[in-house]
Amino acid sequence: MAVLLTGGAGYIGSHTAVELLSAGYQVVLADNFCNSSPQVPRRIEQLTGKPAPIYQLDVRDADALEQVFKENQVDAVIHFAGLKAVGESVERPLLYYRNNLDATLTLLEVMAKYSCHRLIFSSSATVYGDPERVPVNEDMPVGGCSNPYGRTKLMIEQILLDAAAADPGLSVVLLRYFNPVGAHPSGLLGEKPNGIPNNLMPYITQVAAGIRDHLNVFGNDYPTPDGTGVRDYIHVCDLAEGHLRALEYAETHRGAEAFNLGTGVGYSVLDVVHAFERANGLTIPLVFAPRRAGDLPAYWADAEKAARLLNWRTRRSLEQMCADSWRWQRNCD
Ligand code: NAD
Ligand code: UDP
C-alpha cells in the first residue's frame with residue numbers, strides 16, 4: 001500500500017514524504033518540477049534511508065497518472081500539486097485555473113477508476129477571505145478571496161465536497177494551512193523562492209544572507225499590539241505531521257472534513273524579526289514601509305478541531321522556525 005504525493009518534490013510535499021517514510025509508509029512522488037528540483041527525491045531518500053520513487057509527470061496528464069496507479073497499489077493521495085504565487089495568479093489567472101483545477105479533476109477521475117478512496121488536499125487559510133473575527137475556525141464562512149490563487153482553493157474545496165457527497169465511499173480531508181515557514185533541521189530540504197521573495201520569512205533570511213539589504217515592514221499602524229501585521233506561522237515539519245494524522249483520520253471516516261493547520265498563536269512581523277535575531281545571533285535591518293495592498297491586519301487559526309479530531313498539535317517554537325529557516329538559507333545555494 002502506497003501513498004501518492006502529487007507535488008511531492010515541493011516544499012511541503014518533500015517534508016511530508018520524510019514524515020510518512022519515517023512512520024513506515026511507502027510513498028510515491030509525482031511532480032513535473034515546475035517549482036521544485038529533481039534533486040529533492042534523492043534528499044528524501046538520504047534523510048530516511050528509504051526509497052522515494054518519483055514519476056516526472058504533469059498531474060493533468062491522465063495517461064501518465066494512470067501509469068502510477070497501474071504500477072503501484074495507491075491507497076491514498078495527498079494532493080499538493082498546484083501553482084501558489086498570489087501575484088502571478090493575478091497576472092496569469094487562466095494558468096492558475098487551468099493548472100490547479102484540471103490537475104484536481106484529472107486526479108479525481110483516475111482515483112475513481114482505480115478505486116482509491118482517500119484524498120488529503122492542500123487548501124489554505126485564504127479560503128476564509130476577510131473573516132469577521134479571529135481566531136478563524138472551520139465553521140466560519142468561506143469565500144471573498146481576493147485573488148485567483150485563493151479562488152482555485154475555494155473552487156477545489158467545493159469540487160471535493162460535491163465529489164464526496166456523490167460517493168459515500170470517498171474520504172476527503174481539506175487541510176487549510178496558515179503560514180508555513182522553516183525547513184528540515186538537516187538543512188537538506190526547504191523552500192527556494194524564485195526571484196524576490198513575497199513572503200516574510202524567506203525575505204528575512206535573504207536579508208540575513210546579504211542578498212537584500214533590509215526588510216521592508218509593510219505597515220506599522222495596524223490595530224495590533226505593535227502596529228505590524230499578525231499571522232500564524234507554522235513550522236513545515238509540524239505541518240507535515242498534520243498530514244500523517246489526516247491520513248489516519250481518513251482511514252476511519254467517510255465524507256469530507258476541513259481542518260485548520262496552524263499553531264493557534266499569532267505573531268507580528270516584529271515578533272518574527274526579533275525571534276530571528278535571538279535564534280541566530282544576527283541583526284536584521286528594517287525599514288517601515290506602507291501597508292501592502294490586500295493584507296489583513298491579523299489572522300490566526302483556531303487549531304482546536306485538529307487537536308480534538310486529528311490528535312495533532314504543533315510542537316516547534318517560533319525560534320526553531322527561524323533557526324531552521326536560516327540553516328536552510330545558508331545551505332541552499
Ligand atoms: P511548491 O510549489 O513548493 O510545491 C508544489 C509542487 O507541485 C511543486 O513541486 C511543483 O513543481 C508541483 N506542481 C505544480 N503543478 C503541477 C502539475 N500540474 N503537475 C505536477 N506537479 C505540479 O508549494 P508548497 O509550498 O509545497 O505548497 C504545496 C501545496 O500547498 C500547494 O497546493 C499550495 O497551494 C498549498 N499551500 C501552500 C502554502 C504555502 O505558504 N507554502 C499555504 C497554503 C497552501
Ligand atoms: N511582510 C512584510 N515584509 C515583507 C513580507 C511580508 O512586512 O517583505 C508582512 C506582511 O505584510 C504580513 C506578514 O509579513 O503582515 C506575512 O506576510 P506573508 O506574505 O509571509 O504571508 P501572508 O500575508 O500571505 O499571510
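K.L.:
What should I look at first to understand the overall build of the chain in this one?
P.N.:
A count of helical and extended segments in the chain gives 11 helices and 13 strands. Each of the three principal axes of the chain carries a C-alpha extent, and together these read 55 × 45 × 40 Å. Counting every position in the chain, which comprises 333 residues, the buried fraction comes to 54%. A sequence separation of at least 24 residues applies to 80% of the contacts in the chain between residues at least 6 apart. With the model as given, the accessible surface of the chain reaches about 14500 Å², and the carbon-plus-sulfur share is 49%. When the 29 positive and 38 negative side-chain charges of the chain are each reduced to one mean point, those points stand 3 Å apart.

K.L.:
How should the sheet that holds strand β2 (residues 26–31) be read in this particular structure?
P.N.:
The strands that make up a sheet pair up through hydrogen bonds in the backbone, lying either parallel or antiparallel. Reading across the sheet, the seven strands line up as β3-β2-β1-β4-β5-β6-β11 and stay open at both edges, with parallel pairing between neighbours. Among the strands making up the open sheet, the edge pair consists of β3 (54–56) and β11 (255–261). Looking at each pair of strands side by side, their axes are set apart by 20° on average, direction ignored. Where strand β1 (residues 2–6) and strand β4 (residues 74–79) come together, five bridges link them in parallel fashion. Paired with Thr6 across the two strands is His79, which belongs to β4. Helix α1 (residues 11–22) contacts β1, β2, β4 and β6 (171–177) of the sheet and is inclined by roughly 170° relative to β1.

K.L.:
Is there a simple way to explain the packing of α1 against helix α8 (residues 236–252) in this structure?
P.N.:
One can describe the packing of α1 onto α8 by two numbers: an axis separation of 8 Å at closest approach and a directional angle of 60°. Between α1 and α8, the crossing angle belongs to the class labelled oblique. At the point where α1 passes α8, the crossing takes the right-handed sense. Where α1 abuts α8, its residues Tyr11, Ile12, His15, Thr16, Glu19 and Leu20 lie against Val236, Cys237, Leu239, Ala240, Glu241, His243, Leu244 and Leu247. A per-class count over the contact of α1 with α8 returns nine nonpolar, three polar and two charged.

K.L.:
Just to check I follow, could you spell out the site of ligand 2 for this structure?
P.N.:
In the region of ligand 2, 15 residues are neighbours, and Asn216, Phe218, Arg231, Arg292 and Asp295 sit closest. One nitrogen or oxygen atom from the side chain of Asn199 is found 3.1 Å from an oxygen atom belonging to ligand 2. In this structure, Asn216 approaches ligand 2 through a main-chain N or O atom, which is 2.7 Å from a nitrogen atom. Contact with the protein chains hides 87% of the accessible area of ligand 2, taken as 510 Å² for the molecule alone. Contributing elements (two or more residues each) for the shell around ligand 2: α7 (200–208) and β8 (215–218). Ranked by residues supplied to the shell around ligand 2, first place goes to β8 with four residues. By residue class, the composition of the shell around ligand 2 is seven nonpolar, five polar and three charged.

K.L.:
Which parts of the structure should I look at to understand the pattern of salt bridges?
P.N.:
A side chain of one charge can pair with a side chain of the opposite charge when the charged atoms of the two come close. Summed over all chains, the structure comprises 17 salt bridges. A salt bridge links Asp102 to Arg98, with the nearest nitrogen and oxygen atoms 3.2 Å apart. Of the two residues, Asp102 and Arg98 are both situated in helix α5 (residues 93–113); the distance of four residues between them amounts to about one turn of the helix. Judged by its relative accessible area of 24%, Asp102 is partly exposed. Overall, Arg98 belongs to the exposed group, its relative accessible area being 52%. The salt bridge involving Lys305 is made with Glu257; its shortest N-O contact spans 2.7 Å. You can see Lys305 sitting in helix α10 (residues 304–310) and its partner Glu257 sitting in strand β11, a full 48 residues away along the chain. One network of salt bridges, in which partners are shared, links Asp238, Glu241, Arg315 and Arg316.

K.L.:
Before we go on, may I ask you to explain the packing of aromatic side chains in this structure?
P.N.:
For any pair of aromatic rings, the description rests on two quantities: the centre-to-centre distance and the angle between the ring planes. One pass over the structure, following the stated rule, counts four aromatic pairs. With a centroid separation of 5.7 Å and 40° between ring planes, the pair formed by Phe69 and Tyr114 is classed as tilted. With Phe69 in helix α3 (residues 62–71) and Tyr114 in the loop between α5 and β5 (118–124), the pair connects residues that are 45 residues apart, well separated along the chain. Residue Phe69 is classed as buried on the basis of its relative accessible area of 5%. Residue classification places Tyr114 among the partly exposed positions, given a relative accessible area of 25%. Measuring from ring centre to ring centre gives 5.9 Å for Phe178 and Tyr299, while their planes differ by 35°; the resulting arrangement is tilted. Highlighted residues: Phe178 in the loop between β6 and β7 (179–181) and Tyr299 in the loop between β13 (286–289) and α10, separated in sequence by 121 residues. Owing to a relative accessible area of 7%, Tyr299 belongs among the buried residues under this scheme. Positioned above the aromatic ring of Phe259, the side-chain terminus of Lys305 is 5.0 Å from the ring centre.

K.L.:
What is the right way to look at helix α6 (residues 148–166) in this model?
P.N.:
Along an α-helix, residues three or four positions apart point the same way, because every turn accommodates 3.6 residues. A rise of 1.5 Å per residue sets the reference length of α6, with its 19 residues, at 27 Å; its end C-alpha atoms lie 27 Å apart and thus fit the reference within 8%. The secondary structure elements touched by the buried residues of α6 are α4 (86–91), α5, β5, β6 and β11. Where α6 begins, the side chain of Asn147 points an oxygen toward the backbone nitrogen of Tyr149, at a separation of 3.2 Å.

K.L.:
What should I look at first to understand the environment of Phe33 in this one?
P.N.:
Residue position: Phe33 is located in the loop between β2 and α2 (40–48). Taking C-alpha positions, Phe33 is 9.9 Å from Ala81, a pair spaced 48 residues apart along the chain. Apart from residues no more than four positions distant in its own chain, Phe33 is found in contact with Ala9, Pro38, Ile54 and Gln56.

Analysis parameters
- Residues numbered from 1 in each chain as written.
- Chains lettered and ligands numbered in written order.
- Predicted model: local features only at pLDDT ≥ 70, side-chain atom pairs only at ≥ 80, totals over all residues.
- Heavy atoms only, no water.
- Helix = DSSP H or I, 4+ residues; strand = E, 2+ residues; numbered from the N terminus.
- Buried < 20%, exposed > 50% of the residue type's maximum accessible area, 1.4 Å probe, protein only.
- Contact = heavy atoms within 4.5 Å.
- Areas by Shrake-Rupley, 256 points an atom, 1.4 Å probe, with all protein chains shown as cover.
- Lys, Arg positive; Asp, Glu negative; His and termini not counted.
- Charge placed at Lys NZ, Arg CZ, Asp CG, Glu CD.
- Pairing = 2+ DSSP bridges.
- Axes fitted to C-alpha atoms, helices over the stretch in contact; angles between N-to-C directions.
- Parallel < 35°, antiparallel > 145°, perpendicular 65-115°, else oblique.
- Left-handed = near helix turned anticlockwise from the far one by under 90°.
- Nonpolar A, V, L, I, M, F, W, Y, C, P; charged D, E, K, R; others polar.
- Near = heavy atom within 4 Å.
- Polar contact = N/O pair within 3.5 Å; in protein donor to acceptor, adjacent residues only side chain to side chain.
- Salt bridge = Lys/Arg side-chain N within 4 Å of Asp/Glu carboxyl O.
- Phe/Tyr/Trp six-rings, centres within 6.5 Å; stacked < 30°, edge-to-face > 60°.
- Lys NZ or Arg CZ within 6 Å of the ring centre and 35° of its normal.
- Expected span 1.5 Å × (residues − 1).

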